[in-house]
Amino acid sequence: MSDDRRSPSGLPIARVYGPATSRPDEEPGAFPFTRGIHESMYRGRLWTMRQYAGFGTAEQTNARFRALLDAGQTGLSVAFDLPTQMGYDSDADMAMGEVGRAGVAIDTVDDLGRLFDAIPLDQVSTSMTINSTAAILLAMYVVVAEERGVARSDLRGTIQNDVLKEYIARGTYIFPVEPSLRLVTDIFAFVVEEGMNFNPVSVSGYHMREAGCTAVQEVAFTLANGLEYLHRAVDAGIDIEAIAPRVSFFFAAHNDLFEEVAKFRAARRLWARLMREHFDASDRSCRLRFHTQTGGSTLAAQQPLNNIVRVTVQAMAAVLGGTQSLHTNGYDEALALPSGEAATLALRTQQIVAYESGAAQTVDPLGGSYYVEHLTSALEDAAHALLTEVHENGGVRAAIESGFLQDAIARSAYEYTRSVESGSTVVVGVNKFAEEETPADFFAPDYAELAEQQCTRLAHARARRDDMEWRDALDGLSSSSAGTENLMPSIIAAVRARASVGEISDTMRSVWGTFRPRA
């Protein structure tokens, strides 16, 4: 009888593994960092517990931030609504029905100031999940800080700024690829020149995984994007040793505990080798630092309390795999915005893993497991082969424009859906052990009222600003966009003049146009 077992990525799984499948001993904190980027890992310092939050108005999200900080969260992570992500103001026709739904609505720098009201920007680390409009939101953060007397060098955090994965999987792109990559490298140069303790990019495999890619594809496509950004930075004259240590990554954690642990270990090892091969980088620049979020696409609306267990398994995978920061999803997120209770329980999940599970007591607890070592090597080899295929297709930009990356992810998503529908992949409570359920109640804000409030606030902001200063700032940005200089100073000037996200984006749209995906 055939017993052909495979991991979710399709890697063959033998009945049992022995010593011949393990690799030579490697030490944590030493190249190629398979066992972790720090010698002591969590024995020296726990990962940052950074719960992702954002909905409605700035005041509503600020209240959630402060509640999470009071509950023991150690870093902030901001979710922005779709209009903000795509460069539209709350009163734009394209924003209708979306204001405040997928995250917090930000139109002007004053909104961002309200978002961080009573939160000391020089004492917290802030992550902002924003890409096409990343330069605008970073400029706003800088202006909020300067108006509070906080120096740029005292700001800590990460701006996602990973526009390539938007073309590949997520879709919140605005401009064509080349000007978008210019904005990415302008942010790189700005952060380095200003001496900011800020990661100017978080190269994200998470959203590709959410779109349906496998663990192997997640590693390969994410690292391919990371290399593209660094080659662009070097071409722009930025020293690799000044920028590479500031590059962070963002991965998903899904349900197969062992494949996920192996994925994180393989990604570290492969990145270290690629950095040495492409840039002859120092050990410091070869370290892959990453944030993890538990898998939103793995959450089920049926029997939602089962999601607590899924999130716990995924959190353990991230910790056993050596993550630097972690977000754990609320159990009710397949239904609606997470309730306060669910958000707190998600944070408590991290705290129990940290303080009660024993997972933080020693470095790389699964290192040396015959199975995990085999999966680490198999996943690394498969990801390297796929990354080479991207290179042979002309690199990331060409692979996006030809649809190679998008098609590969679509095929994986299709195969997974088929496996769930056929029952060969079991989802507890969905295609096995299902039962009749009473529809759950969940929190839903009055989005129409919320949008009206935000539009009124935006109108007041426009009425109060100095029109001459505003117009001069946008004219300066238009001129800079048509030139070659770093755009961050012009964007900061526009933000100071109270230009909105939509107005700044429209100014750049008028110069660069917009991206048109292939038919």
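Residues numbered from 1 in each chain as written. Predicted model: local features only at pLDDT ≥ 70, side-chain atom pairs only at ≥ 80, totals over all residues. Heavy atoms only, no water.

### Considerations on the overall build of the protein
Argument step 1. Assigned secondary structure in the protein consists of 20 helices and 11 strands.
Argument step 2. Here the C-alpha radius of gyration of the protein, 23 Å, is about what a compact globule of 519 residues would show, namely 24 Å.
Argument step 3. By its C-alpha atoms, the protein is 80 × 60 × 50 Å across when sized along the principal axes.
Argument step 4. Here the protein, with 519 residues, has 57% of them falling under the buried criterion.
Argument step 5. As displayed, the protein has an accessible area near 21100 Å², and 50% of this comes from carbon and sulfur atoms.
Argument step 6. The distance from the centre of the 46 positive side-chain charges to the centre of the 68 negative ones in the protein is 3 Å. (Helix = DSSP H or I, 4+ residues; strand = E, 2+ residues; numbered from the N terminus. Rg over C-alpha atoms; globule rule 2.2 N^0.38 Å. Buried < 20%, exposed > 50% of the residue type's maximum accessible area, 1.4 Å probe, protein only. Areas by Shrake-Rupley, 256 points an atom, 1.4 Å probe, with all protein chains shown as cover. Lys, Arg positive; Asp, Glu negative; His and termini not counted. Charge placed at Lys NZ, Arg CZ, Asp CG, Glu CD.)

### Some words on helix α10 (residues 257–279)
Argument step 1. Spanning 23 residues, α10 covers 33 Å between terminal C-alpha atoms, matching the ideal 33 Å at 1.5 Å per step.
Argument step 2. Counting buried residues along α10, 17 of its 23 residues qualify, which places the element largely inside the surrounding structure.
Argument step 3. Positive phi appears at Asp280, one or two residues downstream of α10, with a value of about 50°. (Expected span 1.5 Å × (residues − 1).)

### Describing a negative patch on the surface
Argument step 1. A contiguous patch of negative charge, built from Asp466, Asp467, Glu469 and Asp472, is present on the exposed surface.
Argument step 2. Summarising the element assignment, Asp472 is placed in helix α18 (residues 467–482). (Patch = residues over 30% accessible without salt bridge, like charges linked within 9 Å, V, L, I, M, F, W, Y side chains within 5 Å. Salt bridge = Lys/Arg side-chain N within 4 Å of Asp/Glu carboxyl O.)

### Some thoughts on the packing of α18 against helix α20 (residues 501–512)
The geometry of a pair of packed helices is captured by two quantities: the angle between their axes and the separation between those axes.
Argument step 1. For the pair α18 and α20, interaxial distance at closest approach is 9 Å and the crossing angle is 35°. Here the hand of the crossing between α18 and α20 comes out right-handed. Side by side, α18 and α20 meet where Trp470, Leu474, Leu477, Ser478, Ser481 and Ala482 of the first sit next to Glu503, Ile504, Thr507, Met508, Val511 and Trp512 of the second.
Argument step 2. Taken together, the residues that form the contact of α18 with α20 break down as 8 nonpolar, 3 polar and 1 charged. (Axes fitted to C-alpha atoms, helices over the stretch in contact; angles between N-to-C directions. Left-handed = near helix turned anticlockwise from the far one by under 90°. Contact = heavy atoms within 4.5 Å. Nonpolar A, V, L, I, M, F, W, Y, C, P; charged D, E, K, R; others polar.)

### A few points about the pattern of salt bridges
Where charged atoms of side chains with opposite charge meet at close range, the side chains can pair.
Argument step 1. Tallied over the entire structure, the rule returns 32 salt bridges.
Argument step 2. In this structure, Arg209 and Glu260 form a salt bridge, with 3.1 Å as the shortest nitrogen-oxygen distance. One end of the pair, Arg209, is in helix α7 (residues 206–210); the other, Glu260, is in helix α10, with 51 residues separating them in the sequence.
Argument step 3. Overall, Arg209 belongs to the buried group, its relative accessible area being 7%.
Argument step 4. Salt-bridge contacts for Glu401 lead to Arg397; the nearest nitrogen and oxygen are separated by 2.9 Å. Taken as a pair, Glu401 and Arg397 lie in helix α15 (residues 396–402) at a separation of 4 residues, close to a single helical turn.
Argument step 5. The class of Arg397 is partly exposed, set by a relative accessible area of 32%.
Argument step 6. Counted as one network, the salt bridges with shared partners bring together Asp89, Asp91, Arg462, Arg465 and Glu503.

### Some remarks on the packing of α18 against helix α19 (residues 488–496)
Argument step 1. Packing of α18 against α19 brings their axes to within 8 Å, and their N-to-C directions diverge by 160°. With respect to their mutual orientation, α18 and α19 come out roughly antiparallel. Remark: the crossing between α18 and α19 carries left-handed chirality. Residues Glu469, Ala473, Leu474, Gly476, Leu477 and Ser480 of α18 pack against Ser490, Ile491, Ala493, Ala494 and Arg496 of α19.
Argument step 2. Of the residues in the contact of α18 with α19, the class split is 6 nonpolar, 3 polar and 2 charged. (Parallel < 35°, antiparallel > 145°, perpendicular 65-115°, else oblique.)

### Things to note about a nonpolar patch on the surface
Argument step 1. A surface patch of nonpolar side chains, amounting to about 270 Å² of accessible area, comprises Val426, Val428 and Phe433.
Argument step 2. Note that Phe433 resides in the loop between α16 (404–422) and α17 (447–464).

### Description of the sheet that holds strand β11 (residues 325–327)
Argument step 1. Spatially, β7-β6-β5-β4-β3-β11-β10-β9-β8 is the arrangement adopted by the 9 strands of the open sheet, whose pairing is parallel. Here the strands that pair on one side only, and so sit at the sheet edges, are β7 (197–199) and β8 (201–204). Between one strand and the next, the sheet's axes are offset by a mean angle of 25°, whatever the strand orientation.
Argument step 2. Pairing analysis gives 4 bridges linking strand β5 (residues 125–129) to strand β6 (residues 156–159), with the strands arranged parallel. Each residue of the ladder has a partner; that of Ser127, found in β6, is Thr158.
Argument step 3. Packed onto the sheet, helix α12 (residues 306–320) meets β9 (247–253), β10 (289–294) and β11 and runs at close to 170° relative to β10. (Pairing = 2+ DSSP bridges.)

### A closer look at unusual backbone geometry
Argument step 1. Residues Phe31 and Pro32 are joined by a peptide bond in cis, for which omega reads 5°.
Argument step 2. By the element assignment, Pro32 lies in the loop between β2 (12–13) and β3 (48–53).
Argument step 3. Although it is not a glycine, Phe33 sits at a positive phi angle of roughly 65°.
Argument step 4. Along the polypeptide, Phe33 turns up in the loop between β2 and β3.

### Quick word on the environment of Ala473
Argument step 1. Its place among the elements puts Ala473 in helix α18.
Argument step 2. Taking the relative accessible area as the measure of exposure, Ala473 reaches 11% and is therefore buried.
Argument step 3. Along the primary structure Ala473 and Ala499 are separated by 26 residues, whereas in three dimensions their C-alpha atoms are 8.3 Å apart.
Argument step 4. Discounting residues that sit within four places of it in the chain, Ala473 has contacts with Ala493, Ala494 and Ala497.

### Description of the pairing of β6
Argument step 1. In this region the chain leaves β5, passes through helix α4 (residues 134–147) and returns to the parallel neighbour β6; the handedness of that crossover is right-handed.
Argument step 2. Bridge analysis of β6 against β7 gives 3 bridges, and the strand direction is parallel. Across the sheet, the residue bridging to Arg156 is Asn197, located in β7. (Right-handed = clockwise from strand over helix to strand, strands pointing away.)

### Observations concerning the layout of surface pockets
Argument step 1. By volume, the second largest pocket is sized at about 1100 Å³.
Argument step 2. Together, 37 residues line the second largest pocket, and Pro8, Tyr416, Ser419, Val420 and Thr425 are the ones closest to its centre.
Argument step 3. Listing elements by their share of the lining of the second largest pocket, those giving two or more residues are α7, α10, α12 and α16.
Argument step 4. A total of 8 residues in the lining of the second largest pocket trace back to one element, the largest contributor, which is α16.
Argument step 5. Classifying every residue of the lining of the second largest pocket gives 13 nonpolar, 15 polar and 9 charged. (1 Å grid on protein atoms, 1.4 Å probe; cavity = no way out; pocket = protein on both sides within 12 Å on 5 of 7 lines; lining within 4 Å. Points joined across faces, edges and corners; volume = space filled by probe spheres on them.)

Purely geometric stuff here, so don't read any function into it on its own.
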